[in-house]
Amino acid sequence: MLEAIRTRRSIGRVKPDPVEREKIERILEAATWAPTHHRTEPWRFFVLTGEGRRPLSRLFVELAKAEMVDPETPENREKLEREAKKPFRAPVVIAVAVVPAERPDVVLAEERAAVAAAIQNMLLAAHALGLGAMWRTGKKTYHPKVRDFFGLGEKGEIVGFVYLGYPDGPPPERTRTPFWEKTKWIDEDRPYADG
């Protein structure tokens, strides 16, 4: 497990080859074992494949157009083409949402954290199954029209899009700041903010 955590990478370049449904289901099942406060299981998954990605493509174009003064300029037309292609960068796109439980003891930040943990489980499961995956977000992810597109209601929201496919090349090399540079050990009774 520790090796999988250390070697997992975000892989944005994947082959167009379809991903077996069994593998997708295993990834989704791994997501459901994430920790969740009060066992609310606030995650929801929308698996988009084939032409099922087309409506999301149209929505991305619509959102991009809404921010343009003139969508017909050559530069903007090129941007819109790029937006239209985004859902087709991988054969599988899983939109992962949070739908908070309607209970007085539920804290929204905890519901979002549970879904983020579910996404991390998905990324690790994809890695274990030989797939490349990338958790994509961005401004449009949180747009109310995206929430409405997936029928999430007023309190639901997309946490991210997980793009899945077979890697098209080796994983990128990465480094991390050593944990000790970001860790403070507290072993005596004193204010934490003291140097």
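One structure accompanies this document, and this report is about it. Keep in mind the model is a prediction, meaning the values are calculated, not measured. Note that residues are indexed from 1 along each chain, following the sequence as it is written. Restriction of local features to residues with pLDDT of at least 70 applies here, the model being predicted, together with a cutoff of 80 or more for giving and counting side-chain atom pairs; totals for whole chains, interfaces and linings are based on all residues. Side-chain measures here rest on the full set of heavy atoms in the structure, leaving out hydrogens and waters.

Here we come to the overall build of the protein. Regarding its fold elements, the protein presents six helices and four strands. A run of DSSP states H or I qualifies as a helix once it reaches four residues; a run of E qualifies as a strand once it reaches two. Both are numbered from the N-terminal end. The order of α-helices and β-strands along the protein, N terminus first, is α-α-β-α-α-β-α-β-α-β. Projected onto its principal axes, the C-alpha positions of the protein cover 65 × 45 × 35 Å. The buried label applies to any residue whose accessible area, calculated with a 1.4 Å probe on protein chains only, is under 20% of its type's maximum; exposed applies above 50%, and partly exposed to all values in between. Of all 195 residues assigned to the protein, the portion counted as buried reaches 37%. Contacts are residue-level and defined by heavy atoms, with any inter-residue pair within 4.5 Å sufficient. Long-range pairs, those at least 24 residues apart, make up 77% of the contacts in the protein between residues at least 6 apart in sequence. Computed with the Shrake-Rupley method and a 1.4 Å probe, the accessible areas treat only the protein chains shown as cover for residues. A total of about 12500 Å² of accessible surface is found on the protein, and carbon and sulfur atoms cover 53% of it. We score Asp and Glu as negative and Lys and Arg as positive, and we do not count His or the chain ends. In this description, the location of a charge corresponds to atom NZ of lysine, CZ of arginine, CG of aspartate or CD of glutamate. For the protein, the centre of its 33 positive side-chain charges and the centre of its 30 negative side-chain charges are spaced 4 Å apart.

Attention now moves to the pattern of salt bridges. Here, a salt bridge means any Lys or Arg side-chain nitrogen found within 4 Å of an Asp or Glu carboxyl oxygen. Per the counting criterion, the structure on display carries 15 salt bridges. With a shortest N-O distance of 3.0 Å, Glu-3 and Arg-6 are connected by a salt bridge. Here Arg-6 and Glu-3 lie together in helix 1 (residues 2-7), a separation of three residues that amounts to about one turn. The class of Glu-3 is partly exposed, set by a relative accessible area of 46%. What you see here is one network of salt bridges that share partners, running through Glu-83, Lys-86 and Lys-140.

We treat two strands as partners when DSSP finds at least two bridges between them. Pairing in this open sheet of four strands is antiparallel, and the strands run 1-2-4-3 from one edge to the other. At either end of the open sheet lies a strand with only one pairing partner, and these are strand 1 (43-49) and strand 3 (132-136). Strand-to-strand twist across the sheet, computed as the mean angle between neighbouring axes with direction ignored, equals 20 degrees. Across seven bridges, strand 1 lies against strand 2 (residues 92-98) in antiparallel orientation. Across the sheet, Val-47 pairs through a bridge with Ile-94, a residue of strand 2. Every axis corresponds to a line fitted to the C-alpha atoms, with the helix fit spanning only the stretch in contact, and the corresponding angles, defined between N-to-C directions, vary from 0 to 180 degrees. Along the sheet, helix 2 (residues 21-31) makes contact with strand 1, strand 2 and strand 4 (157-165), crossing strand 1 at roughly 165 degrees.

A surface patch of nonpolar side chains, amounting to about 390 Å² of accessible area, comprises Met-1, Leu-2 and Ile-5. Its place among the elements puts Met-1 in the segment before helix 1. On the basis of relative accessibility, which here comes to 71%, the residue Met-1 falls in the exposed class. Patches in this entry comprise residues that are over 30% relatively accessible and not in a salt bridge; like charges within 9 Å are linked, as are nonpolar side chains (Val, Leu, Ile, Met, Phe, Trp, Tyr) within 5 Å.

As a further point, take the pairing of strand 3. Here strand 3 lies mainly inside the structure; four of its five residues are buried. Examined bridge by bridge, strand 3 and strand 4 share five bridges and lie antiparallel to one another. Looking at the pairing, Trp-135 lines up with Val-162 of strand 4.

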